[in-house]
Amino acid sequence: MEPILTPMATHPTLAPEPRFGLFMSQANKPWAQVLDEFLMAESLGFDHGWLVDHLVDTDGPPENGCLESWTLLAAIAARTSRIRLGVLVSSNTFRNPALLLKEAVTVDHVSAGRLILGIGTGWNEDEHRHYGFDLPEARDRVDRFEEAVHVITSLMGQERTTFAGRFYRLDDARLQPPPVQRPRIPILIAAHRPRMLRIAARYADQWDTFAAIPGTATDGVEAELADQIAQLDAACREIGRDPNEIRRSTWATNEALGSVEAYLEFVDRHRRLGFTDFTTVLPKAGDEAILRAVAAEVIPAIRAGRRLD
């Protein structure tokens, strides 16, 4: 299975400009609130905003609702104008990759080229059981994911794709219309373990990870972030790819917006490791002024390379 690589490369000798995002999530929220949060993020100048791809509120009681991510993202795309948009991240177990890409291309058109296509293997057992989706063992999930990313990359990189894999088949498939973004919609891959890091090294325009948190996709991950970065870089060099072509993103809980100092510490600590994109969960009620201060003062200072004392 040979890859079709058309990465959204950065200049190999220049560090990418930092980008800042908000992880809004739609869990247990009505449509109007989700839209208001994205409009707020855009008005404050954040670079990207994110939904989750869950069928239930994985952080709350089972009776909490959760709007479907891709239809919701299309609606948000139509009501925003500048902020980049994505799902952090789409579960490969929920959709055929060719259908996911068609959905992504649609959102790319609605947003005039502001989509980041975030994808991962899927992990939450409860929602798969409740809704009747298969959740294979980890090795099979990664096998399926690797085929899916190959399909997505091939469809965006070739005029026609025929593919016969273990999980997916395409027969002379064409991606019409193509995405607005050229050469392709940037692909974000969530990867925390060695094999997934090798897949990210081959296919990703952006890699996303975060520190181990129980009850999330990183539950049980033993490698520290610095070790993951070393593995990603080594995997890039092994296939002859410049590691600087891949943006590196991470996110933090709303504790990072508990104070200006906490936000600075979050960004500084991860920037020293080589991360380029920094996302936080929305602040707790009562901490909105900190979010506004971060947007108005801290982020512009970081972009300009100024110190904040």
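Residues numbered from 1 in each chain as written. Predicted model: local features only at pLDDT ≥ 70, side-chain atom pairs only at ≥ 80, totals over all residues. Heavy atoms only, no water.

## A closer look at unusual backbone geometry
And step 1. The step from Leu-88 to Val-89 runs through a cis peptide bond, and the omega angle for that step is -10 degrees.
And step 2. Here the residue pair Arg-182 and Pro-183 is connected by a cis peptide bond, since its omega of 5 degrees sits within 30 degrees of zero.
And step 3. Even without being a glycine, Asn-28 presents a positive backbone phi close to 60 degrees.
And step 4. For Asn-28, the position within the fold is in the loop between strand S1 (19-23) and helix H1 (31-44).
And step 5. Judged by its relative accessible area of 46%, Asn-28 falls in the partly exposed class.
And step 6. The residue Asp-172 is not glycine, and still its phi comes out positive at about 55 degrees.
And step 7. Among the structural elements, Asp-172 can be located in strand S7 (residues 169-173). (Helix = DSSP H or I, 4+ residues; strand = E, 2+ residues; numbered from the N terminus. Buried < 20%, exposed > 50% of the residue type's maximum accessible area, 1.4 Å probe, protein only.)

## Structural notes on the packing of aromatic side chains
And step 1. In total, this model carries 8 aromatic pairs according to the counting rule given.
And step 2. Measuring from ring centre to ring centre gives 4.8 Å for Phe-210 and Trp-251, while their planes differ by 50 degrees; the resulting arrangement is tilted. Separated by 41 residues along the polypeptide, Phe-210 in the loop between strand S9 (206-208) and helix H7 (225-238) and Trp-251 in strand S10 (residues 247-252) bring together distant segments of the chain. Like Phe-210, the residue Trp-251 is buried in the burial classification.
And step 3. One aromatic cluster in this structure is built from Phe-20, Tyr-263, Phe-266 and Phe-278. (Phe/Tyr/Trp six-rings, centres within 6.5 Å; stacked < 30°, edge-to-face > 60°.)

Geometric descriptors of this kind do not, in isolation, establish any biological role.
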